[in-house]
Amino acid sequence: MREVPGRLETKEQLEQELRRIGKWEKDQKSAWFWERWSRLPFMLLDRLTPKVIQDKLAEGLGELGRFLQTGGQYLVQRRSILKKLERTHSLMGGGLEGPVPEPGDGRDGGDEGGLTLAGAANLPLAVMDSVADELAASRAKFAAAQGATTGIGGVLTLAIDIPAVLGLSLKVLQEIAVCYGYDPRDEKERLFIVKCLQFASADIVGKKAVLDELGQFDGDHAPVQVMSQIQGWREVVQTYRDSFGWKKLFQLVPIAGILFGSISNKGTIEDVAAAGKMLYKKRRIVTRLRSEQQDSKDGDI
């Protein structure tokens, strides 16, 4: 199996990146007035939200449940992302080394002779960041165009917009997962992705709670915790539903919804992608630091 050369970051560089992510996390915990106001009691939201939006939000919750359990229609093809990583790594002066792998069934996530998920996990962070940023920018532009299109008809076209934004959010998060060497087909990773959705739209208390949960995500007892949380997945996406409902409510006015739809959808995808990038990058850094610590202990024996 082909692998990439050893990672380039030193322990000090990894710790520096981790501190930057910690600063970002602190910044995320400060909510604007708009965000606080948008967290009105959910009962009031139900009364104000038109039935068509409530139905679509309920449908979206069902889709998220199916995504957690089976991946459903939202699972992305990892091969194209791995090719992007391989190409970017080559442009940055890297390259694949080692023997060509034997033809397989593709379950390792790469083409014959190409980069695998295991190899992607060992890429330099700069390569991972570059591809993640490229994908996030591309999906945000698409979301803006899609939001403007569905904003033309107000409530009539809003029914199309809601599942489209949900699908695009799940898509970009899965792509970012692959960028950092994680498999979105894995049940555990699908829960992490929905947690990223929740974090992107949560208030101060919600963000802190999600960060605390994700901080233990790769711990010794993680599998048990994951299975427990999958059973109660509706709680995972409750905050996402609240915030998303308010955004869509202001897109109901025909024509004027073009501008709001474009701005809202673009902002949603940018927020989701930024959260996904930082949270997945943090996991990869922590994993590398743990690996270095373990290697150091083994070397002392």
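Residues numbered from 1 in each chain as written. Predicted model: local features only at pLDDT ≥ 70, side-chain atom pairs only at ≥ 80, totals over all residues. Heavy atoms only, no water.

**Focus on the overall build of the chain**
Turning to step 1, where the next piece is worked out: When its secondary structure is counted, the chain shows 13 helices and zero strands.
Turning to step 2, where the next piece is worked out: Of the regular secondary structure in the chain, the N- to C-terminal order runs α-α-α-α-α-α-α-α-α-α-α-α-α.
Turning to step 3, where the next piece is worked out: Considering only contacts within the chain whose residues lie at least 6 apart along the sequence, 85% involve residues at least 24 apart.
Turning to step 4, where the next piece is worked out: Element-wise, carbon and sulfur atoms account for 56% of the exposed surface of the chain, whose accessible area totals about 15,000 Å². (Helix = DSSP H or I, 4+ residues; strand = E, 2+ residues; numbered from the N terminus. Contact = heavy atoms within 4.5 Å. Areas by Shrake-Rupley, 256 points an atom, 1.4 Å probe, with all protein chains shown as cover.)

**Observations concerning the packing of aromatic side chains**
Turning to step 1, where the next piece is worked out: Following the criterion strictly, the structure yields three aromatic pairs and no others.
Turning to step 2, where the next piece is worked out: Between Tyr-182 and Tyr-280, the ring centres sit 5.3 Å apart and the planes meet at 45 degrees, which makes this aromatic pair tilted. Placement of the pair is Tyr-182 in the loop between α8 (155-179) and α9 (187-201) and Tyr-280 in helix α13 (residues 256-300), with a sequence separation of 98 residues.
Turning to step 3, where the next piece is worked out: Tyr-280 sits in the buried class, given a relative accessible area of 0%.
Turning to step 4, where the next piece is worked out: Through a chain of ring-to-ring contacts, three or more aromatic side chains come together here, namely Tyr-182, Phe-192 and Tyr-280.
Turning to step 5, where the next piece is worked out: Above the ring of Tyr-182, the side-chain terminus of Arg-283 is found at 4.2 Å from the ring centroid. (Phe/Tyr/Trp six-rings, centres within 6.5 Å; stacked < 30°, edge-to-face > 60°. Buried < 20%, exposed > 50% of the residue type's maximum accessible area, 1.4 Å probe, protein only. Lys NZ or Arg CZ within 6 Å of the ring centre and 35° of its normal.)

**Brief notes about the environment of Thr-287**
Turning to step 1, where the next piece is worked out: Checked against the element boundaries, Thr-287 lands in helix α13.
Turning to step 2, where the next piece is worked out: Among the residues examined, Thr-287 registers a relative accessible area of 31% and is labelled partly exposed.
Turning to step 3, where the next piece is worked out: Separated by 69 residues in sequence, Thr-287 and Asp-218 have C-alpha atoms that sit 8.7 Å apart.

**Section: the pattern of salt bridges**
Turning to step 1, where the next piece is worked out: All told, the structure shown has 15 salt bridges when counted by the stated rule.
Turning to step 2, where the next piece is worked out: Two residues, Lys-281 and Asp-129, come together in a salt bridge whose shortest N-O distance is 2.8 Å. Here the residue Lys-281 occupies a position in helix α13, and Asp-129 occupies one in helix α7 (residues 125-150), the gap between them amounting to 152 residues. Just as Lys-281 is buried, Asp-129 falls in that class too.
Turning to step 3, where the next piece is worked out: Across the pair Lys-277 and Asp-133 runs a salt bridge, and its minimum N-O distance is 2.8 Å. Of the two residues, Lys-277 is situated in helix α13 and Asp-133 in helix α7; the sequence distance between them amounts to 144 residues.
Turning to step 4, where the next piece is worked out: Overall, Lys-277 belongs to the buried group, its relative accessible area being 17%.
Turning to step 5, where the next piece is worked out: The exposure class of Asp-133 is partly exposed, given its relative accessible area of 39%. (Salt bridge = Lys/Arg side-chain N within 4 Å of Asp/Glu carboxyl O.)

**Quick word on the nonpolar core**
Turning to step 1, where the next piece is worked out: Counting residues in hydrophobic clusters, the biggest one holds 50 residues, and the most contacted among them are Leu-85, Leu-170, Cys-179, Tyr-180, Leu-279 and Tyr-280.
Turning to step 2, where the next piece is worked out: For Leu-279, the residues in contact, after removing those within four places along its chain, are Trp-24, Glu-25, Phe-192, Cys-196, Phe-199, Leu-211 and Leu-214. (Core = buried A, V, L, I, M, F, W, Y, C linked by side-chain atoms within 4.5 Å.)

**Describing the packing of helix α5 (residues 78-91) against α7**
Turning to step 1, where the next piece is worked out: Across the interface, α5 lies against α7 with an axial gap of 9 Å and an inter-helix angle of 125 degrees. On the basis of the axis angle, α5 is oblique to α7. Remark: the crossing between α5 and α7 carries right-handed chirality. Residues Ile-81, Lys-84, Leu-85, Thr-88 and His-89 of α5 touch α7, and the partners they reach there are Val-127, Met-128, Ser-130, Val-131, Glu-134 and Leu-135.
Turning to step 2, where the next piece is worked out: The residue inventory of the contact of α5 with α7, partitioned by class, reads six nonpolar, three polar and two charged. (Axes fitted to C-alpha atoms, helices over the stretch in contact; angles between N-to-C directions. Parallel < 35°, antiparallel > 145°, perpendicular 65-115°, else oblique. Left-handed = near helix turned anticlockwise from the far one by under 90°. Nonpolar A, V, L, I, M, F, W, Y, C, P; charged D, E, K, R; others polar.)

**Here's the deal with the confidence of the model for the chain**
Turning to step 1, where the next piece is worked out: For the chain, the mean per-residue pLDDT works out to 75, and 65% of the residues sit at or above 70.
Turning to step 2, where the next piece is worked out: Confidence, read as mean pLDDT per element, is least for helix α2 (residues 33-37) in the chain (49) and greatest for α5 (93).
Turning to step 3, where the next piece is worked out: Within the model, pLDDT remains below 50 along residues 96-107, and this stretch shows 23 contacts once partners closer than five positions in the same chain are excluded.
Turning to step 4, where the next piece is worked out: Confidence drops under pLDDT 50 across residues 223-227; counting only partners more than four residues distant or on other chains, this segment forms five contacts. (pLDDT = per-residue confidence, 0-100.)

**Let's talk about the environment of Phe-142**
Turning to step 1, where the next piece is worked out: By the element assignment, Phe-142 lies in helix α7.
Turning to step 2, where the next piece is worked out: With a relative accessible area of 54%, Phe-142 lands in the exposed category.
Turning to step 3, where the next piece is worked out: Between the alpha carbons of Phe-142 and Asn-265 there is a distance of 9.1 Å; along the sequence they are 123 residues apart.

**Focus: the environment of Ser-169**
Turning to step 1, where the next piece is worked out: Its place among the elements puts Ser-169 in helix α8.
Turning to step 2, where the next piece is worked out: Owing to a relative accessible area of 0%, Ser-169 belongs among the buried residues under this scheme.
Turning to step 3, where the next piece is worked out: Each C-alpha atom, one on Ser-169 and one on Val-194, is 9.6 Å from the other, the two residues being 25 residues apart in sequence.

**Things to note about the side chain of Glu-189**
Turning to step 1, where the next piece is worked out: Considering the arrangement of structural elements, one finds Glu-189 in helix α9.
Turning to step 2, where the next piece is worked out: Separated by 2.8 Å, the side chains of Glu-189 and Arg-283 make a polar contact.
Turning to step 3, where the next piece is worked out: Apart from residues lying up to four places away in sequence, Glu-189 is in contact with Tyr-182, Asp-183, Pro-184, Tyr-280 and Arg-283. (Polar contact = N/O pair within 3.5 Å; in protein donor to acceptor, adjacent residues only side chain to side chain.)

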